[in-house]
Amino acid sequence: MSKLTYKASYYALYAMFAIILIVMGIFFFGGDATGDAVIPGVDPEMWQPAQTDALLYLMYVLFGLAVAATIIAAVFQFGAALKDNPAGAIKSLLGLVLLVVVLVVAWAMGDGTPMNIPGYDGSDNVPFWLKITDMFLYSIYILLFVTIVAIIASGIKKKNIIIN
């Protein structure tokens, strides 16, 4: 890693640490919510921090930065691999293609039938969000199964290599 890249990532890391500590301090020591910020129907004994929005927005920004950095790094890595070894670079897309296939299969498995939830009048009990939720759950199950199979298979393969 070049010295400039190291310095940039070093300072970015500590800048994010500082921002996170400031927002966490504001969240924990910023007092109680008042007025419109108070969630109606919540037990008055429960603590409702005044700066919850700031913490949530920080998490959104950090998540967005993580996704953007991941995509940008993957594109640059793919571009570098494409220059050096085009066949290997195309093979490296296999994992992404398989992930998309898992998500499509999980989406197809999802049920979009609205649920009967007593006392819920929100707008999220619609087929799209129900299928998204099912897609994420089924994806987790499928990927967990694949991970366990890979762990077992690699252990068996390693034993066979040692025996031979």
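As the structure is a computational prediction, the values presented were derived from the model and not from experiment.

Caption draft 1: Molecular detail of the overall build of the protein. Tallying secondary structure elements over the protein gives five helices and zero strands in all. Helices and strands in the protein line up, N terminus first, as α-α-α-α-α. What you see for the protein is a C-alpha radius of gyration of 23 Å, clearly larger than the 15 Å of a compact globule of 164 residues, by over 25%. On the principal axes, the C-alpha backbone points of the protein span a range of 70 × 50 × 35 Å. Considering only contacts within the protein whose residues lie at least 6 apart along the sequence, 39% involve residues at least 24 apart.

Caption draft 2: Inspection of the layout of surface pockets at higher detail. Its volume calculated, the largest pocket comes out at about 460 Å³. Around the largest pocket, the lining comprises 15 residues; the ones closest to its centre are Thr70, Ile71, Ala74, Val75 and Leu96. Those elements giving two or more residues to the lining of the largest pocket turn out to be helix 2 (52–84), helix 3 (86–92) and helix 4 (94–109). Take the lining of the largest pocket: its biggest share by element is nine residues, from helix 2. Residues belonging to the lining of the largest pocket are distributed by class as follows: eleven nonpolar, four polar and no charged.

Caption draft 3: Structural context of a nonpolar patch on the surface. On the surface, a nonpolar cluster with roughly 990 Å² of combined accessible area is contributed by Leu82, Ile90, Leu93, Leu96, Val97, Leu99, Val100, Val101, Val104, Val105, Met109 and Leu143. Ranked by the residues each element gives to the nonpolar patch, the list is headed by helix 4, at eight residues. Examined against the element boundaries, valine 100 turns out to sit in helix 4.

Caption draft 4: Inspection of the side chain of lysine 131 at higher detail. As for its placement among the helices and strands, lysine 131 is situated in helix 5 (residues 127–163). Buried and unpaired, lysine 131 has aspartate 111 as its nearest opposite-charge partner, separated by 6.9 Å. Not counting residues up to four positions away in its chain, the partners in contact with lysine 131 are Trp107, Ala108, Gly110, Asp111 and Gly112.

Caption draft 5: Representation of the side chain of serine 139. Tracing the sequence through the fold places serine 139 in helix 5. Side-chain polar atoms of serine 139 contact the backbone oxygen of methionine 135, separated by 2.6 Å. When sequence neighbours within four positions are dropped, the list of residues in contact with serine 139 reads Val102, Leu103 and Ala106.

Caption draft 6: Region of the structure containing the confidence of the model for the protein. Of the residues in the protein, 96% reach a pLDDT of 70 or more, and the chain-wide mean stands at 87. The least confident element of the protein, judged by mean pLDDT, is helix 3 at 85; the most confident is helix 4 at 92.

Criteria and cut-off values
- Residues numbered from 1 in each chain as written.
- Predicted model: local features only at pLDDT ≥ 70, side-chain atom pairs only at ≥ 80, totals over all residues.
- Heavy atoms only, no water.
- Helix = DSSP H or I, 4+ residues; strand = E, 2+ residues; numbered from the N terminus.
- Rg over C-alpha atoms; globule rule 2.2 N^0.38 Å.
- Contact = heavy atoms within 4.5 Å.
- 1 Å grid on protein atoms, 1.4 Å probe; cavity = no way out; pocket = protein on both sides within 12 Å on 5 of 7 lines; lining within 4 Å.
- Points joined across faces, edges and corners; volume = space filled by probe spheres on them.
- Nonpolar A, V, L, I, M, F, W, Y, C, P; charged D, E, K, R; others polar.
- Patch = residues over 30% accessible without salt bridge, like charges linked within 9 Å, V, L, I, M, F, W, Y side chains within 5 Å.
- Areas by Shrake-Rupley, 256 points an atom, 1.4 Å probe, with all protein chains shown as cover.
- Salt bridge = Lys/Arg side-chain N within 4 Å of Asp/Glu carboxyl O.
- Buried < 20%, exposed > 50% of the residue type's maximum accessible area, 1.4 Å probe, protein only.
- Lys, Arg positive; Asp, Glu negative; His and termini not counted.
- Polar contact = N/O pair within 3.5 Å; in protein donor to acceptor, adjacent residues only side chain to side chain.
- pLDDT = per-residue confidence, 0-100.

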